[in-house]
Amino acid sequence: TDLSHIRNFSIIAHIDHGKSTLADRLIQYCGGLDAREMREQVLDSMDIERERGITIKAQTVRLTYKADDGKTYQLNLMDTPGHVDFAYEVSRSLAACEGSLLVVDASQGVEAQTLANVYQAIDHNHEIVPVLNKIDLPAAEPDRIKQQIEDVIGLDASNAVMISAKTGLNIKDVLEAIVTRLPPPKGDLEAPLKALVVDSWYDPYLGVVILVRVVDGELKVGQKIRMMATGATKEADRVGHFTPKAVQSGRLGPGEMGFITAGIKDIRETKVGDTITEERRPAAEPLEGFKPSVPVVFCGLFPTDAAEFEHLRESLGKLALNDASFQFEAETSAALGFGFRCGFLGLLHLEIIQERLEREFNLDLITTAPSVIYKVHMTDKSVIDMHNPADMPDPIRIDHIDEPWIRATIMLPDEYLGGILALCTERRGQQIDLTYVGGRAMLVYKLPLNEVVFDFYDRLKSISRGYASFDYQMDGYETGDLVKMSILVNAEPVDALSTIVHRSQAEHRGRLLCERLKELIPRQLFKIAVQAAIGSRVIARETISAMRKDVLAKCYGGDISRKRKLLDKQKEGKKRMRQFGEVEIPQSAFIAALKMG
Ligand code: GDP
Ligand code: MG
């Protein structure tokens, strides 16, 4: 296709503002799927994505649109994830496009991720078309939101497209805006092949599928290609695009987006951000790639049943096939046995992987407290990257420890400001800025990441009744007074519950954790001491008194079904018990204890 008839664009939005619904409408309008194939949110393909309503993997779809100027255009749509944990994937998708549709819910207005995403789009020199969605809602205030977009983002919103993705109102106006207001790609058909590897995933039928954006030259079936970063050469055996069905057109030209397969078995053989060139006539220079995506949150995953270890290993391997940003390595814990230390892009990523393991692979897991990567500077001048509290060196050998900080943007209605400020202060935050835009407060804070990986999102949401939005970027390392806090159950350390904390938080955290465990650990035939300690110094202690009554006594011999339920529950509990010395701790206690900060 002639470059002037191609438009590559992404849709950026805060979560729930209607990005996926709009994508569906665009696909529907352009006839990519028939009515039977069209089900809601076709781009959100994984079950969990559909249930949680979030898009994780960016997908690309080619739309064919006959515009009012009488010409037929090829529109390549990249769907992007909206959640902060996947900011890296957003950036990657944006790099493959020339323009963005900025979708803003006309009843909600600009939110933290609207801002984060739009700034990224501006960084990528995108032309941006504002789209006000949900104007069918009685609460929609398009004029106020337009003004807000101008005030907060500094983007001309006078000709924003006003739509309802739900009812399909004005979808054609969006398509016309894409054609008339976004620039076509640039590229040279005669130049040596340069194609950017935007994404790759494992497909059980096709093997590794690589999503590419061709910049110069031509990519064809049968061509010998070379991956410039790794030097590997392959033969392109399938070349095509998604509509969202895979269509094997056999060729991709400059400016086009699509997929190739090349007999690759493992996605680790492909490097996202790499440049594909032609073996016969290679490009002199690769394209500017992407920064690698690095896991920032780590935790241990252990099977409740030790016999499931191999099954867990296989399952993790399968998930890693589709998700290059997920890492794992074997780990042993004195208390939990054999398991894996896993790295994630963020807490949501962690939760999703955990949920998939339990749901799709039928595994019962114990997850240890999430940790960030600390840089431990030793007295001998060496530096250790540490993300497992179990690896904490002897304090005598430590000179100082640096921890990662983030720069967070929080947007919220004014009435919750007091509560959120208190939360940020409690989490050792440093306020950078506070401004008011369109009736909302915009708060910029520096926060230690380790204070955020626990329950910060949950707290933020509950304090603001769901109205605060949050986004962050990494902001370097700073020295902190960090210590390892261990939890002892009848003097037996429970390594799965040990955490690295700031000294100022240790006592408070320790007390909370001990209180929580006291509630969570069922009484047993003997007294149980639960202690939190830094080194040998106990900082908090609770005692669980010995059991007196049979659990069934509570039922007064009455309702039989209730009794059975209790027995079943007990049995269920048994299955998920872990032994610590003499003490049995149910898995639910770990999960609940680990959920709190
Ligand atoms: P995403 O997170 O940005 O992909 O948002 P979704 O497309 O998943 O939409 C979030 C929710 O808003 C869903 O329940 C949609 O049905 C709803 N929604 C999307 N567009 C509209 C709209 O134009 N009007 C109304 N009333 N609801 C919408
Ligand atoms: Mg979505």
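Residues numbered from 1 in each chain as written. Chains lettered and ligands numbered in written order. Predicted model: local features only at pLDDT ≥ 70, side-chain atom pairs only at ≥ 80, totals over all residues. Heavy atoms only, no water.

**Student:** Looking at this structure, how should I read the UniProt feature "binding site: GTP" (unreviewed entry) in the protein chain?
**Tutor:** The residues that UniProt annotates with the feature "binding site: GTP" (unreviewed entry) are Asp 16, His 17, Gly 18, Lys 19, Ser 20, Thr 21, Asn 133, Lys 134, Ile 135 and Asp 136. Mapped onto the secondary structure, Asp 16 falls in the loop between strand E1 (6-13) and helix H1 (19-30). In this fold, Lys 19 is placed in helix H1. When its relative accessible area of 8% is taken as the criterion, Lys 19 is described as buried. (UniProt positions renumbered as here; feature names shortened; annotations may be inferred. Helix = DSSP H or I, 4+ residues; strand = E, 2+ residues; numbered from the N terminus. Buried < 20%, exposed > 50% of the residue type's maximum accessible area, 1.4 Å probe, protein only.)

**Student:** It is not clear to me how the pattern of salt bridges should be interpreted in this structure. Could you clarify?
**Tutor:** Side-chain pairing between opposite charges can occur once the charged atoms of the two side chains come close. If you walk through the whole model with that rule in mind, you get 26 salt bridges. The partner of Glu 451 in a salt bridge is Arg 509, with the nearest N and O atoms 2.9 Å apart. Placement of Glu 451 in helix H10 (residues 449-452) and of Arg 509 in helix H12 (residues 503-520) is noted, with a sequence separation of 58 residues between them. With relative accessibility at 7%, the residue Arg 509 sits in the buried group. Within this structure, Glu 403, Arg 428, Glu 451 and Arg 509 form a network of salt bridges that share partners. (Salt bridge = Lys/Arg side-chain N within 4 Å of Asp/Glu carboxyl O.)

**Student:** What should I look at first to understand the nonpolar core in this one?
**Tutor:** As a rule of thumb, nonpolar side chains are buried together in soluble globular proteins. Counting residues in hydrophobic clusters, the biggest one holds 54 residues, and the most contacted among them are Leu 357, Ile 410, Leu 412, Phe 456 and Phe 470. Tallying contributions element by element places strand E23 (residues 398-413) first for this core, with six residues. Core analysis: the second largest hydrophobic core is formed by 29 residues, Leu 26, Val 61, Ile 178 and Val 179 among them. (Core = buried A, V, L, I, M, F, W, Y, C linked by side-chain atoms within 4.5 Å.)

**Student:** What exactly am I supposed to notice about the pairing of strand E25 (residues 440-448) here?
**Tutor:** Across a regular strand the side chains alternate sides, sitting on one face of the sheet and then on the other. For E25, the tally of buried residues reaches nine of nine residues, placing the bulk of the element in the interior. Both E23 and E25 contribute to a ladder of nine bridges, which runs antiparallel. Paired with Arg 407 across the bridge in E25 is Lys 446. Across seven bridges, the pairing between strand E24 (residues 430-437) and E25 is antiparallel. (Pairing = 2+ DSSP bridges.)

**Student:** Sorry if this is basic, but what is going on with the site of ligand 1 here?
**Tutor:** For ligand 1, the set of nearby residues contains 17 residues, the closest of which are Asp 16, Lys 19, Ser 20, Thr 21 and Asp 136. His 17 is positioned with one of its backbone polar atoms (N or O) 3.4 Å from an oxygen atom of ligand 1. A distance of 2.7 Å separates a nitrogen atom of ligand 1 from a polar side-chain atom of Asp 136. Protein burial of ligand 1: of its 580 Å² of free accessible surface, 82% is covered by the chains. Looking at the shell around ligand 1 residue by residue, the class counts come to three nonpolar, nine polar and five charged. (Near = heavy atom within 4 Å. Polar contact = N/O pair within 3.5 Å; in protein donor to acceptor, adjacent residues only side chain to side chain. Areas by Shrake-Rupley, 256 points an atom, 1.4 Å probe, with all protein chains shown as cover. Nonpolar A, V, L, I, M, F, W, Y, C, P; charged D, E, K, R; others polar.)

**Student:** Looking at this model, I keep getting lost on the sheet that holds E1. Mind explaining?
**Tutor:** Within a sheet, adjacent strands bond to each other through the backbone by hydrogen bonds, running parallel or antiparallel. If you trace the six strands from one edge of the open sheet to the other, you get E2-E3-E1-E4-E5-E6, paired in mixed fashion. Here the strands that pair on one side only, and so sit at the sheet edges, are strand E2 (60-66) and strand E6 (161-162). Across two bridges, strand E5 (residues 127-133) lies against E6 in parallel orientation. Note on E6: the bridge partner recorded for Val 131 is Val 161. Where helix H5 (residues 142-153) meets the sheet, it contacts strand E4 (99-105), E5 and E6, and its direction lies at approximately 150° from that of E5. (Contact = heavy atoms within 4.5 Å. Axes fitted to C-alpha atoms, helices over the stretch in contact; angles between N-to-C directions.)

**Student:** Would you mind going over empty space enclosed by the protein with me for this structure?
**Tutor:** Empty space among the atoms becomes visible once a probe the size of a water molecule is rolled across them. In total, this model carries three cavities of 30 Å³ or more according to the counting rule given. Counted as a void, the second largest cavity has a volume near 60 Å³. Ala 369, Pro 370, Ser 371, Val 372, Tyr 374, Pro 389, Asn 450, Val 453, Phe 454, Ser 498, Thr 499 and Ile 500 together form the lining of the second largest cavity. Of the residues belonging to the lining of the second largest cavity, the class tally is eight nonpolar, four polar and no charged. (1 Å grid on protein atoms, 1.4 Å probe; cavity = no way out; pocket = protein on both sides within 12 Å on 5 of 7 lines; lining within 4 Å. Points joined across faces, edges and corners; volume = space filled by probe spheres on them.)

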